[in-house]
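Close look at the chain arrangement
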Amino acid sequence: MQSVRYRRPARARGQNLLIDRSVARRIVKASKLPLNAAVLEIGAGTGMLTVELARVARRLVAIEIEYALAQRLKRAVSRYSNVRVVRADARRVHVEELMEGEAYHVVSNLPYSVGTPLTIDLLQSDFRPASLTIMLQLEVAERLCAEPGSMSLLSVIAQSYAEPRLLFTVEPESFRPRPKVRSAVVRLVTNNVPRKDVLTKTAIFLARHAFAGRRKKVQNSLAGGLQRSSREVAELCELAGIDPGARAQELSLDQWRTLGTTALDKGFVGQPAASAAAAEN
């Protein structure tokens, strides 16, 4: 493993700096960036991944919130004219403005503390990236890519806006400080589903209520969340071709969408419910 010295990041931000150059190179290769790609890197740290990206991207914007790390990052990439270092909180920046309105790709080792919300924010954005190749906690990566039987609300949301694929795992010794868990790299190719698409928001709205009672049957968890009778929910599920006795984690994305379509067609939920779900996300 090729490693470098590091400056300790703030633990509160859940930032574990990548120190293995071979992993950085593997991430860049796995990202399948097109020629002349514009790339956004979040949580760039000291630049281990940034330098590898700078060699293949036409334009790279690297965001780092910690002042000391951002200063070191600027020195690390000073010889690359195609890199812009931005010291900022990635959840507060205007991505479309940063990327100057052009199509872009995200390639990042995301801080554990904000990895999940950042991923969802990007996927649900009106200005979403063409792809995301990101390193996250293994548990989160597996949830993003889960199949029926192991689905979660995160799975439903992510797979509504992208096709995720878990590429490879990364061991704790590739980072400083060492995390207590393994990491994994996921590549998500996004789709063109509008952020405010009523069917998508309705499916997520229903899934949110169903997963609130994960151990319960869909019939019971939806009845409680929507304040409907179990009989009404059972009839809705049957109309959608779904077993009312199934658990939320057993349903596929297509089944959630079918249930959403049926709920809208039968007036079981209205567009305001979908809008409320959008606001929550």
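Everything that follows concerns the structure shown earlier in this document.
Summary of the structure given here. (Residues numbered from 1 in each chain as written. Predicted model: local features only at pLDDT ≥ 70, side-chain atom pairs only at ≥ 80, totals over all residues. Heavy atoms only, no water.)

**Section: the overall build of the protein chain**
Looking only at helices and strands, the protein chain features 12 helices and 9 strands. Seen along its three principal axes, the alpha-carbon backbone of the protein chain occupies a region of about 65 × 40 × 30 Å. Taking all 281 residues of the protein chain together, 54% fall into the buried category. For the protein chain, the accessible surface area stands at approximately 13200 Å², while carbon and sulfur atoms represent 45% of it. Of the side-chain charges in the protein chain, 42 are positive and 27 negative, and the distance between the mean point of each set is 8 Å. (Helix = DSSP H or I, 4+ residues; strand = E, 2+ residues; numbered from the N terminus. Buried < 20%, exposed > 50% of the residue type's maximum accessible area, 1.4 Å probe, protein only. Areas by Shrake-Rupley, 256 points an atom, 1.4 Å probe, with all protein chains shown as cover. Lys, Arg positive; Asp, Glu negative; His and termini not counted. Charge placed at Lys NZ, Arg CZ, Asp CG, Glu CD.)

**Concerning the packing of helix H5 (residues 115–123) against helix H7 (residues 153–161)**
Any two packed helices are characterised by the angle at which their axes cross and by the distance between the axes. Across the interface, H5 lies against H7 with an axial gap of 9 Å and an inter-helix angle of 35°. Judged by the twist between their axes, the crossing of H5 over H7 is left-handed. Residues Thr116, Ile120 and Leu123 of H5 lie in contact with H7, whose contacting residues are Leu154, Ile157, Ala158 and Tyr161. For the contact of H5 with H7, the per-class residue count stands at 6 nonpolar, 1 polar and no charged. (Axes fitted to C-alpha atoms, helices over the stretch in contact; angles between N-to-C directions. Left-handed = near helix turned anticlockwise from the far one by under 90°. Contact = heavy atoms within 4.5 Å. Nonpolar A, V, L, I, M, F, W, Y, C, P; charged D, E, K, R; others polar.)

**Thoughts on the pairing of strand E5 (residues 105–109)**
With respect to burial, E5 is a largely interior element, 5 of its 5 residues being buried. A two-sided burial pattern is seen for E5, the buried positions comprising His105, Val107 and Asn109 on one face and Val106 and Ser108 on the other. When strand E2 (residues 38–42) meets E5, the two strands line up parallel, connected through 2 bridges. Considered in E5, the bridge of Val39 is made with His105. The pairing of E5 with strand E6 (residues 131–137) spans 5 bridges and is classified as parallel. Within E6, the position partnered with Val106 by the bridge is Leu132. Taken together, E5, H5 and E6 constitute a β-α-β crossover, and its handedness is right-handed. (Pairing = 2+ DSSP bridges. Right-handed = clockwise from strand over helix to strand, strands pointing away.)

**Considerations on helix H8 (residues 198–212)**
With 15 residues, H8 extends 21 Å from end C-alpha to end C-alpha; this agrees with the ideal 21 Å at 1.5 Å per step. Looking at H8, one finds that the buried residues are Thr200, Lys201, Thr202, Ala203, Ile204, Phe205, Leu206, Ala207, Ala210 and Phe211. (Expected span 1.5 Å × (residues − 1).)

**Some words on the nonpolar core**
Counting residues in hydrophobic clusters, the biggest one holds 63 residues, and the most contacted among them are Leu40, Tyr104, Leu206, Trp256 and Leu259. The element contributing the most residues to this core is H8, with 7 residues. Other than its neighbours up to four places away in sequence, Trp256 contacts Val156, Ala203, Leu206, Ala207, Ala210, Phe211, Ala248 and Leu251. Counting residues in each nonpolar core, the second largest holds 29 residues, with Ala24, Ala37, Val170 and Phe175 among its members. (Core = buried A, V, L, I, M, F, W, Y, C linked by side-chain atoms within 4.5 Å.)

**Some words on the pairing of strand E9 (residues 183–190)**
The buried fraction of E9 amounts to 7 of the 8 residues, a majority that puts the element mostly inside the structure. By the bridge criterion, 7 bridges tie E6 to E9 in an arrangement that is antiparallel. Looking across to E9, one finds that Leu136 is bridged to Ala184.

**Digging into empty space enclosed by the protein**
This model, assessed by the stated rule, comprises 1 cavity of 30 Å³ or more. Reported here for the largest cavity is a volume of approximately 90 Å³. In terms of lining residues, the largest cavity is bounded by Asn16, Leu17, Leu18, Glu41, Gly43, Ala44, Gly45, Thr46, Gly47, Met48, Leu49 and Asn109. Looking at the lining of the largest cavity, the elements with two or more residues in it are strand E1 (17–18) and helix H2 (48–54). Considered class by class, the residues forming the lining of the largest cavity number 5 nonpolar, 6 polar and 1 charged. (1 Å grid on protein atoms, 1.4 Å probe; cavity = no way out; pocket = protein on both sides within 12 Å on 5 of 7 lines; lining within 4 Å. Points joined across faces, edges and corners; volume = space filled by probe spheres on them.)

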